[in-house]
Amino acid sequence: MNSFNLFFRKEIVELVKTVKGVVLTIVFLFLAISAPLITKLTPEILKAAGGSASQDEMNVLTSIIPTPTSVESYKQFVSNFSTIGLLAIIIVFAGIVANEKAKNTAAYILTKNISRTQFIFSKFASAVVFILVSLIISAGVLKLYTDLLFDDNLVDFKYFIIFFAFLFLYIFFILTIVLFSSIISKNVTSATFIAFLIFIAFSILPSIPKIGKYTPAKLNDLGIMLQSTKVSDLTINIIVTVLCSVAFILIGIKLFNRQEL
């Protein structure tokens with residue numbers, strides 16, 4: 001356990017000090033700040049762009065531009081995070097194990113009184129903790145900035161928290177995909193490519209009739225925040241997500257234990 005704690009702290013320090021961790025935090029914060037700002041300014045930008053239009057055309061433009069609300073701000077964040085945020089996570093952590101193998105440092109580290117399982121868990125746990133902290137900060141910034149720009153109280157704080165709890169569970173699942181891909185790959189490039197493929201595959205599953213509504217991607221559903229989706233409706237999704245996450249971790253560790261480093 002002492003070895004695990006030592007390497008866990010080492011991984012956290014590296015994430016905090018290196019460009020990877022800084023970039024990921026900046027991406028999260030950018031998405032949290034830009035979503036309410038874009039929502040607030042978009043109608044004004046569109047109206048300004050149509051400055052030379054006739055009065056009738058302006059009336060039509062005004063009618064089709066929705067009044068910006070806090071709900072639209074959160075929709076903008078979820079839309080951006082589902083693409084930019086998750087892809088950033090994959091890119092940043094794709095080399096979590098593959099990079100150590102490519103540089104031949106994994107074999108050296110494993111001589112320092114740490115098992116292969118502890119080695120994997122220390123890396124994975126540090127990534128989970130780092131993302132959790134970054135997500136909490138980003139959620140706080142998003143809520144604060146949205147409340148400043150839209151004083152409409154359309155979203156209950158309780159369901160705001162529940163949504164981000166589900167979002168974190170989905171991110172946890174994505175991290176297990178990244179970990180698995182990094183374990184089975186010999187370099188960062190192939191790990192990133194494999195992680196992208198698996199991520200895309202799971203992103204497509206929700207569109208498949210009958211089984212699609214039970215997939216992990218459904219956890220990233222704004223309906224939870226808007227109370228149009230009940231938490232109980234996602235019970236199967238939670239179970240599937242947890243089982244898939246455990247499977248990716250256990251299979252990854254088993255394969256890593258068989259690899260020659």
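Here's what I pulled together on the structure shown here. Quantities reported herein were computed from a predicted structural model and do not represent experimental measurements.

**So, the overall build of the protein chain**
Next up, step 1: Summing up its helical and strand segments, the protein chain has 11 helices and 0 strands in all.
Next up, step 2: By residue count, 43% of the 261 residues in the protein chain fall in the buried class.
Next up, step 3: Accessible surface, the protein chain: about 13500 Å² in total, of which carbon and sulfur atoms supply 67%.
Next up, step 4: Positive and negative side-chain charges in the protein chain, numbering 21 and 14 respectively, have mean positions lying 17 Å apart.

**Digging into unusual backbone geometry**
Next up, step 1: We note that Lys210 has phi near 75°; this positive angle belongs to a residue other than glycine.
Next up, step 2: On the secondary structure map, Lys210 appears in the loop between helix H9 (188-204) and helix H10 (223-226).
Next up, step 3: With a phi angle near 65°, Gln227 is a residue other than glycine that sits in the positive phi range.
Next up, step 4: Within the secondary structure, Gln227 is located in the loop between H10 and helix H11 (235-258).

**Concerning the nonpolar core**
If you look at soluble globular proteins, the nonpolar side chains tend to sit buried side by side.
Next up, step 1: Core analysis: the largest hydrophobic core is formed by 67 residues, its most contacted members being Phe77, Phe93 and Phe164.
Next up, step 2: At 17 residues, helix H8 (residues 157-184) tops the list of elements feeding residues into this core.

**Examining H8**
Next up, step 1: The terminal C-alpha atoms of H8, which comprises 28 residues, lie 41 Å apart, in line with the 40 Å expected from a rise of 1.5 Å per residue.
Next up, step 2: Counted residue by residue, H8 has 20 buried out of 28 residues, so it is predominantly covered.
Next up, step 3: The backbone nitrogen of Lys158 has a side-chain oxygen 2.8 Å away, supplied by the residue at the start of H8, namely Asp156.

**Details of the packing of aromatic side chains**
Each aromatic ring pair is characterised by the separation of its centres together with the angle its planes make.
Next up, step 1: The final tally for this structure, using the stated rule, is 15 aromatic pairs.
Next up, step 2: Seen in terms of ring centroids, Phe163 and Phe164 are 5.3 Å apart; in terms of plane orientation they differ by 85°. Their pairing is edge-to-face. Like Phe164, Phe163 is buried.
Next up, step 3: The rings of Phe28, Tyr74, Phe77, Phe81, Phe157, Phe160, Phe163 and Phe164 are connected pair by pair, giving a single aromatic cluster.
Next up, step 4: Over the ring of Phe256 we find Arg116; its NZ or CZ atom is 5.4 Å from the centre of that ring.

**Structural notes on the pattern of salt bridges**
Next up, step 1: Applying the stated criterion across every chain, the model contains 6 salt bridges.
Next up, step 2: Residue Lys123 is joined to Glu11 by a salt bridge in which the shortest nitrogen-to-oxygen separation is 3.0 Å. Here Lys123, found in helix H7 (residues 116-149), pairs with Glu11, found in helix H1 (residues 2-17); they are 112 residues apart in sequence, far enough to count as distant.
Next up, step 3: A relative accessible area of 8% means that Glu11 is categorised as buried.
Next up, step 4: Beyond isolated ion pairs, a larger network of salt bridges with shared partners links Lys10, Glu11, Glu14, Glu100 and Lys123.

**Description of a nonpolar patch on the surface**
Next up, step 1: Together, Leu37, Leu41 and Ile45 make up an exposed nonpolar region whose accessible area comes to about 250 Å².
Next up, step 2: Here Ile45 shows up in helix H2 (residues 19-49).
Next up, step 3: Assessed through its relative accessible area of 55%, Ile45 is described here as exposed.

What counts and how
- Each chain has its residues counted from 1, running along the sequence as written.
- Owing to the predicted nature of the model, reporting of local features is limited to residues with pLDDT of at least 70; listing and counting of side-chain atom pairs is limited to 80 or more, with chain, interface and lining totals taken over all residues.
- Derived side-chain values reflect all non-hydrogen atoms in the structure, with water molecules and hydrogen atoms excluded from consideration.
- Here a strand is any run of E in DSSP of at least two residues, a helix any run of H or I of at least four, and the numbering for each starts at the N terminus.
- The buried label applies to any residue whose accessible area, calculated with a 1.4 Å probe on protein chains only, is under 20% of its type's maximum; exposed applies above 50%, and partly exposed to all values in between.
- Surface exposure here means Shrake-Rupley accessible area, sampled with a 1.4 Å probe, where a residue is shielded only by the protein chains that are shown.
- We treat Lys and Arg as the positive residues and Asp and Glu as the negative residues; His and chain ends play no part in the count.
- Every charge is mapped to an atom, namely NZ of Lys, CZ of Arg, CG of Asp or CD of Glu.
- Here the nonpolar core consists of buried residues drawn from Ala, Val, Leu, Ile, Met, Phe, Trp, Tyr and Cys, with membership extended through side-chain atoms lying within 4.5 Å.
- By this rule the span expected of a helix is its residue count minus one, scaled by 1.5 Å.
- Each polar contact in these results corresponds to two N or O atoms within 3.5 Å; when the atoms are within protein, one needs to be able to donate a hydrogen and the other to accept it, and residues that are neighboring in sequence are counted only if both atoms are side-chain atoms.
- To pair, rings of Phe, Tyr and Trp, with the six-membered ring standing in for Trp, must have centres within 6.5 Å; the planes then decide the type, stacked if under 30 degrees apart, edge-to-face if over 60, and tilted in the middle.
- Any Lys NZ or Arg CZ that is within 6 Å of a ring centre and within 35 degrees of that ring's normal is treated as a charge sitting over the ring.
- The term salt bridge refers to a side-chain nitrogen of Lys or Arg lying within 4 Å of a carboxyl oxygen of Asp or Glu.
- What goes into a patch is any residue over 30% in relative accessible area without a salt bridge, connected to like charges within 9 Å or, for nonpolar side chains (Val, Leu, Ile, Met, Phe, Trp, Tyr), within 5 Å.

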